[in-house]
Amino acid sequence: MKKPYQKDDAFLNDVRSRTNDDFRLWWMGQSGFLLQWNGRHLLLDPYLSDSLTIKYHDTDKPHVRMTERVIGPEGLGFVDVITSSHNHTDHLDTDTINPIRCANPALNMVIPEANRTFVADRLQCDPAWPIGLADGTDTTCAGFHITGIPAAHETLSTNDIGQHHYLGFIVRFDTWTLYHSGDTVWYDEMVDKLRHYDIDIALLPINGRSPARRVAGNLDGVQAACLSDAINASLIIPCHYDMFAFNTASTTEFENAARNLQQAYCILRNGEAFNSSALT
């Protein structure tokens, strides 16, 4: 099993050591990122347990973990806001989210409005607690301005009033704009929607899609690099790989495509941070 760049106390010490005005962004594994800015913390789509490995043990679709987790969720009580882009367990994990809620009762959570009932049932929380977003709607929590953008986890799935079950999130703070796509493939109008936001960093999956996996697919590495270039993102950080052996990808094709497009990119290891000073 792969070791994180840093984990547990070393990771926490790194988080606590940040006192300057830059923001930092740690890859927590899969599609999870911890954003730190101005003493506040936003945790995007974390999966920090072994719940899927346990669930699918002794089945024909084992979720064999490839990389050790960065930290137990109970150590993240300082987080102000948490997101879930959709209902799949690696983006909405009870064993990750509820320990953080216990450690910080003031925690805010942002979800697709279409998923409110499902989220409340899974987390056993007050249905009114999560903040629900739809396409183009927004909220501000702990200084982070978050806007919903549709995602197509194979398809653009909506409820009976047109609210999307899969969302990406535009996160704006200070002069910065991040785009966390959640799980998605490329769809019509995606580029036009995203160009509007002058994105500094795009966080995009690269695991691709394969019918043999029997799970919904995502952008592959070449597509992720091309999408980042098409929306004029200053930098792309790839994710959604190196978590489960049956659903991962090498970064080689992504890196080659990004270089050919002259698209700036950064490859992080689990538990490693990107510092905004690298963009200035």
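Calculation rules
- Residues numbered from 1 in each chain as written.
- Predicted model: local features only at pLDDT ≥ 70, side-chain atom pairs only at ≥ 80, totals over all residues.
- Heavy atoms only, no water.
- Buried < 20%, exposed > 50% of the residue type's maximum accessible area, 1.4 Å probe, protein only.
- Helix = DSSP H or I, 4+ residues; strand = E, 2+ residues; numbered from the N terminus.
- Arc of directions from axis to C-beta.
- Contact = heavy atoms within 4.5 Å.
- Polar contact = N/O pair within 3.5 Å; in protein donor to acceptor, adjacent residues only side chain to side chain.
- Core = buried A, V, L, I, M, F, W, Y, C linked by side-chain atoms within 4.5 Å.
- Pairing = 2+ DSSP bridges.
- Axes fitted to C-alpha atoms, helices over the stretch in contact; angles between N-to-C directions.
- Phe/Tyr/Trp six-rings, centres within 6.5 Å; stacked < 30°, edge-to-face > 60°.

S.K.: What's the story with helix H7 (residues 252–261) in this structure? I'm lost.
M.R.: Helical geometry: 3.6 residues make up each α-helical turn, so side chains three or four residues apart lie on a common side. Residues Phe254, Glu255, Ala257 and Ala258 constitute the buried set of H7. Buried residues of H7, viewed axially, fall in a sector of 165°; they line one side. Facing away from the buried side of H7 by over 90 degrees, the exposed positions are Glu253 and Asn260. Buried positions along H7 lie against helix H6 (221–230) and strand E12 (235–239). Gln262 lies just past H7 and shows a positive phi near 55°.

S.K.: Just checking my understanding: could you explain the environment of Tyr47 for this structure?
M.R.: Along the polypeptide, Tyr47 turns up in the loop between strand E3 (40–44) and helix H2 (51–55). C-alpha separation for the pair Tyr47 and Asp90, spaced 43 residues apart in sequence, amounts to 5.2 Å. Here Tyr47 is in contact with Leu52, Thr53, Arg65, Thr89, Asp90, Asp93, Thr96, Met243 and Phe244, once residues within four sequence places are set aside. Engagement of the side chain of Tyr47 in a polar contact is seen with the backbone nitrogen of Leu52, the distance being 3.0 Å.

S.K.: Looking at this structure, how should I read the nonpolar core?
M.R.: Core analysis: the biggest nonpolar cluster contains 55 residues, and Phe23, Val171, Tyr179 and Ile237 have the highest contact counts within it. Counting residues per element, this core draws most heavily on strand E9 (residues 167–173), which supplies five residues. Met28, Leu43, Ile100 and Ala120 belong to the second largest nonpolar core, which has 24 residues in total.

S.K.: How should the sheet that holds strand E8 (residues 144–150) be read in this particular structure?
M.R.: Strands in a sheet are paired, the pairing made by backbone hydrogen bonds, and the direction either parallel or antiparallel. Read from one edge to the other, the open sheet built from six strands follows the order E7-E8-E9-E10-E11-E12, with strand pairing classed as mixed. Only two strands of the sheet have a single partner each, and these edge strands are strand E7 (138–141) and E12. Recorded for the sheet is a direction-independent mean angle of 20° between the axes of neighbouring strands. The pairing of strand E11 (residues 201–205) with E12 spans five bridges and is classified as parallel. Bridge assignment links Leu203 to a residue of E12, and that residue is Ile237. Across the face of the sheet, H6 comes into contact with E11 and E12 while running at roughly 155° to E11.

S.K.: Sorry, what's going on with the side chain of Asn115 here?
M.R.: Among the secondary structure elements, Asn115 is positioned in the loop between strand E5 (108–112) and helix H4 (116–123). In contact with Asn115, not counting residues within four places along its chain, are His86, Asn87 and His165.

S.K.: Mind showing me how you'd approach the sheet that holds E5 here?
M.R.: Ordered by their spatial adjacency, seven strands build an open sheet running E6-E5-E4-E3-E2-E1-E13, and the pairing between neighbours is mixed. Bordering the open sheet on either side are strand E6 (131–133) and strand E13 (273–275), each of which pairs with just one other strand. Put simply, the sheet's adjacent strands are angled 20° from each other on average, direction ignored. With respect to the sheet, helix H1 (residues 8–16) is in contact with strand E1 (24–29), strand E2 (32–37), E3 and E13, its orientation differing from that of E1 by roughly 160°. In this fold H4 packs onto E5 and E6, with an angle of close to 135° to the strand it touches most, E5.

S.K.: Mind showing me how you'd approach the packing of aromatic side chains here?
M.R.: How two aromatic rings sit relative to each other is given by the distance of their centres and the angle of their planes. This structure, assessed with the given rule, holds nine aromatic pairs. Considering the side-chain rings of Trp27 and Tyr241, the 5.0 Å spacing of their centres and the 35° angle between planes classify their relative orientation as tilted. Of this pair, Trp27 sits in strand E1 while Tyr241 sits in the loop between E12 and H7, and the two are 214 residues apart along the sequence. A single burial state applies to Trp27 and to Tyr241, both of which are buried. With a centroid separation of 5.8 Å and 70° between ring planes, the pair formed by Phe144 and Phe173 is classed as edge-to-face. A residue pair is termed long-range when its members are at least 10 positions apart, and Phe144 in strand E8 and Phe173 in strand E9 qualify at 29 residues.

S.K.: Is there a simple way to think about the pairing of E2 in this case?
M.R.: Regular strands place side chains that alternate from one sheet face to the opposite one. Within E2, six of the six residues are buried, which leaves it mostly tucked inside the rest of the structure. Here E2 shows a buried face lined by Gly32, Leu34 and Gln36 and a second buried face lined by Phe33, Leu35 and Trp37. Relative to E2, E1 runs antiparallel, the two being bridged by five bridges. Following the sheet pairing, Trp27 is matched in E2 by Phe33. With antiparallel pairing between neighbouring strands as the criterion, E1 and E2 make up a hairpin whose turn holds two residues, including Gln30 at a positive phi of roughly 55°.

All we've got here are geometric facts, nothing functional implied.
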